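Chain by chain, the residues:
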Amino acid sequence: MEYYSLNGNAPKVSFSEAVVGGLAPDKGLYFPENISPLPSSFFETIEDMDTIEIGFQTIKQFVGDEIPETELREILTDVLSFDFPVIDIEENIGTLELFHGPTMAFKDVGARFMARCLGYFNKNNENKVTVLVATSGDTGGAVAQGFLGVKGVDVVILYPSGKVSDIQERQLTTLGQNITALKVNGVFDDCQDMVKKAFLDESITNHKQLTSANSINIARWLPQLFYFVFAYKQVKSKKKDIVFSVPSGNFGNICAGIVASKLGLPVKHFVASTNINDTVVRYMNTSKYEPKPSKATISNAMDVGNPSNFIRIQQLFDNNFESLRNRFSAYSYDDESTKEAMKKIYHQSNYIADPHGAVGYLGLKEYDLKENEFGVFLETAHPVKFLDIVEDTLNTTIDIPLQIQRVLHKEKVSIAINDYKELKEFLLN
């Protein structure tokens, strides 16, 4: 398997080169040269396979022969060491819980997979790799935990000051070792812009090997396709057409779901559910892509004004707007609607959804499921990660899981920066 740049002006590279490089030299995102559907028998007999076998069969074509089968299975055994249950919410709606990993967010799988792959590729390399990543909330903690102590890798995480929850901040600022957190005076888009600028700054890259652990990196992005296949295994017996509603910020997760459908996963429709950062929603209504600066919301992991993965979604539909619109819808919701949805889910189903999951639920409601359809919204983070919002909205108390208890009383350590110049000085010094 080779990967090419979506900007079309860079050499094709191997899986390992794309993982280590992160972004192509022409600033483009890497994309697989081809996606071969799995045999129909894979989905017909999926009930007979365990999580590791499903993961191996769906990811192996993207890795190719660069990681031997034995080592790849070992990586997947480590990465997929927790559950991904679908919980029924209403008669024709369930939620796929993706928060049972070490940092209680869906990004645990991609971060851990990338960390293990990078560790494998770097095991005989004396030169250090610096993982540079921007976070709007959950990415930072997942990357920090996933790469903690990985030999030959330093991690630098940029996050917007005052715009991530207290628990999210603790998960990326309390680990120490090879993890450094930079608190940026700005919004997520400022963090992301700085990271992209650093990758293109030869005065840095001539001295340091940089790679990204945002979903622009194929090893962070592609493993998210597992979620949709795991969900299908659980709801297949309902014998209904499946509609996935995915809370979407940078659009890597839903993009990976579309890759799963290219592998042959039976999916009727994808719904991208967003908060008021509605760039893609407006695009679906007008066919004009006009990003705007992001705005802060209670579903902060989706506070993205210019989602970098949307270009990959367009490529998956051959840049054909009508083809995209036939399989993909996008809706946006404000904080008040999100809170009302949280209350409705709690009072009707006795289920506590976090603000992102609640936005996903709203997307299914607006899509208006038919009788022969079953909707699955992704619950991307444990509600404890948004403790104040959830408890205030639902007038209830959430038990603190062990994963979160471990960081609650640790000291937060970060370095404040204001602009790219200060980031550059930090990386070079």
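Per chain, residue numbering runs from 1 following the sequence as it is written. Per-residue local features are limited, in this predicted model, to residues with pLDDT of at least 70; the limit for side-chain atom pairs, both in listing and counting, is 80 or more; totals at the level of whole chains, interfaces and linings are taken over all residues. The side-chain quantities take in all heavy atoms of the structure and omit both hydrogens and water.

Caption draft 1: Summary view of the sheet that holds strand E1 (residues 2–5). Following DSSP output, two strands are said to pair if at least two bridges run between them. In DSSP terms, a helix is any run of H or I states spanning at least four residues, a strand is any run of E spanning at least two, and both are numbered starting from the N terminus. Strand order in the open sheet formed by three strands is E2-E1-E3, and the pairing between neighbours is antiparallel. Only two strands of the sheet have a single partner each, and these edge strands are strand E2 (13–14) and strand E3 (30–32). One ladder, built from three bridges, connects E1 with E3; its direction is antiparallel. Looking at the pairing, Tyr3 lines up with Pro32 of E3.

Caption draft 2: Up close: the packing of helix H8 (residues 188–199) against helix H20 (residues 420–428). Helix axes use the C-alpha atoms of the stretch in contact, all axes being lines fitted to C-alpha atoms, and the angles between their N-to-C directions lie in the range 0 to 180 degrees. Where H8 meets H20, the axes come as close as 10 Å, and the angle between the chain directions of the two elements is 50 degrees. Taken together, H8 and H20 sit at an angle that is classed as oblique. Of the two elements, H8 crosses H20, and the hand of that crossing is right-handed. When H8 is examined against H20, the residues Met194, Lys197 and Ala198 are found in contact with a partner set consisting of Tyr420, Leu423 and Leu427. Note on angle classes: values under 35 degrees are labelled roughly parallel, values over 145 roughly antiparallel, values of 65 to 115 roughly perpendicular, and the remainder oblique. Handedness of a crossing follows from how the near helix is turned relative to the far one, being left-handed for an anticlockwise turn of less than a right angle and right-handed for a clockwise one. Residues are treated as being in contact if the distance between any of their heavy atoms lies within 4.5 Å.

Caption draft 3: Structural view of the environment of Leu148. With respect to the helices and strands, Leu148 occurs in the loop between helix H6 (138–147) and strand E7 (153–160). Assessed through its relative accessible area of 26%, Leu148 is described here as partly exposed. Sequence spacing of Leu148 and Leu175 is 27 residues, and the spatial spacing of their C-alpha atoms is 7.7 Å. The contacts of Leu148, once residues within four sequence positions are left out, are Leu175, Gly176, Gln177, Asn178 and Ile179. Throughout, exposure labels follow a simple rule: accessible area from a 1.4 Å probe, protein chains only, divided by the maximum for the residue type, with under 20% read as buried, over 50% as exposed, and the rest as partly exposed.

Caption draft 4: View of the packing of aromatic side chains. Only rings of Phe, Tyr and Trp enter the pairing, Trp through its six-membered ring, and a pair is recorded when the two centres are within 6.5 Å. The plane angle decides the type: under 30 degrees is stacked, over 60 is edge-to-face, the rest tilted. A full pass over the atoms with the stated rule returns 21 aromatic pairs. Seen from their ring centres, Tyr3 and Phe15 are 6.2 Å apart, and the 45 degrees between their planes marks the pair as tilted. Of this pair, Tyr3 sits in strand E1 while Phe15 sits in helix H1 (residues 15–21), and the two are twelve residues apart along the sequence. Each member of the pair Tyr3 and Phe15 is classed as buried. Taking 4.9 Å as the distance between ring centres and 90 degrees as the angle between the ring planes, the aromatic pair formed by Phe42 and Phe43 counts as edge-to-face. Three or more aromatic residues joined by ring pairs form one cluster here, namely Phe251, Tyr283, Tyr289, Phe310, Phe321 and Phe328. The ring of Tyr367 carries the charged tip of Lys370 above its face, separated from the ring centre by 5.2 Å. Criterion for a charge above a ring: Lys NZ or Arg CZ within 6 Å of the ring centre, and within 35 degrees of the ring normal.

Caption draft 5: Summary view of helix H12 (residues 252–262). Among the eleven residues in H12, ten count as buried, and that is most of the element. Those residues of H12 not exposed but buried are Gly252, Asn253, Ile254, Cys255, Ala256, Gly257, Ile258, Val259, Ala260 and Ser261. Where H12 ends, the next residue or the one after it, Gly264, has phi of about 115 degrees, a positive value.

Caption draft 6: Empty space enclosed by the protein, seen in detail. Buriedness for pockets is judged along seven lines, at least five of which must meet protein on both sides within 12 Å for an open set on the 1 Å grid over protein atoms alone, while cavities are sets there where a 1.4 Å probe fits but cannot get out, and lining residues have an atom within 4 Å of a point. Grid points are joined across faces, edges and corners, and a volume is the space filled by probe spheres set on the points. For the structure shown, the criterion picks out three cavities of 30 Å³ or more. For the largest cavity, the calculated volume is near 240 Å³. Contributions of two or more residues to the lining of the largest cavity are made by strand E10 (241–247) and H12. The element best represented in the lining of the largest cavity is H12, accounting for three residues.

Caption draft 7: Quick peek at the side chain of Thr211. Here Thr211 lies in strand E9 (residues 209–212). Here a polar contact is recorded for every N or O atom pair within 3.5 Å, except that within protein the pair must consist of a potential hydrogen donor and a potential acceptor, and residues adjacent in sequence are included only if both atoms are side-chain atoms. At 3.3 Å, the side chain of Thr211 and the side chain of Asn217 are in polar contact.

Caption draft 8: Looking closely at the pattern of salt bridges. A side-chain nitrogen of Lys or Arg and a carboxyl oxygen of Asp or Glu constitute a salt bridge if their distance falls within 4 Å. Per the stated rule, a full pass over the model turns up 17 salt bridges. Two residues, Arg112 and Asp78, come together in a salt bridge whose shortest N-O distance is 4.0 Å. Of this pair, Arg112 sits in helix H5 (residues 107–121) while Asp78 sits in helix H4 (residues 69–79), and the two are 34 residues apart along the sequence. Overall, Arg112 belongs to the buried group, its relative accessible area being 11%. With its nearest N and O atoms 2.7 Å apart, the salt bridge here joins Lys268 to Glu373. Taken as a pair, Lys268 in the loop between H12 and strand E11 (269–274) and Glu373 in strand E13 (residues 373–379) lie far apart in primary sequence, 105 residues in all. Each of Asp166, Glu169, Arg170 and Lys412 takes part in salt bridges that share partners, so that together they form one network.

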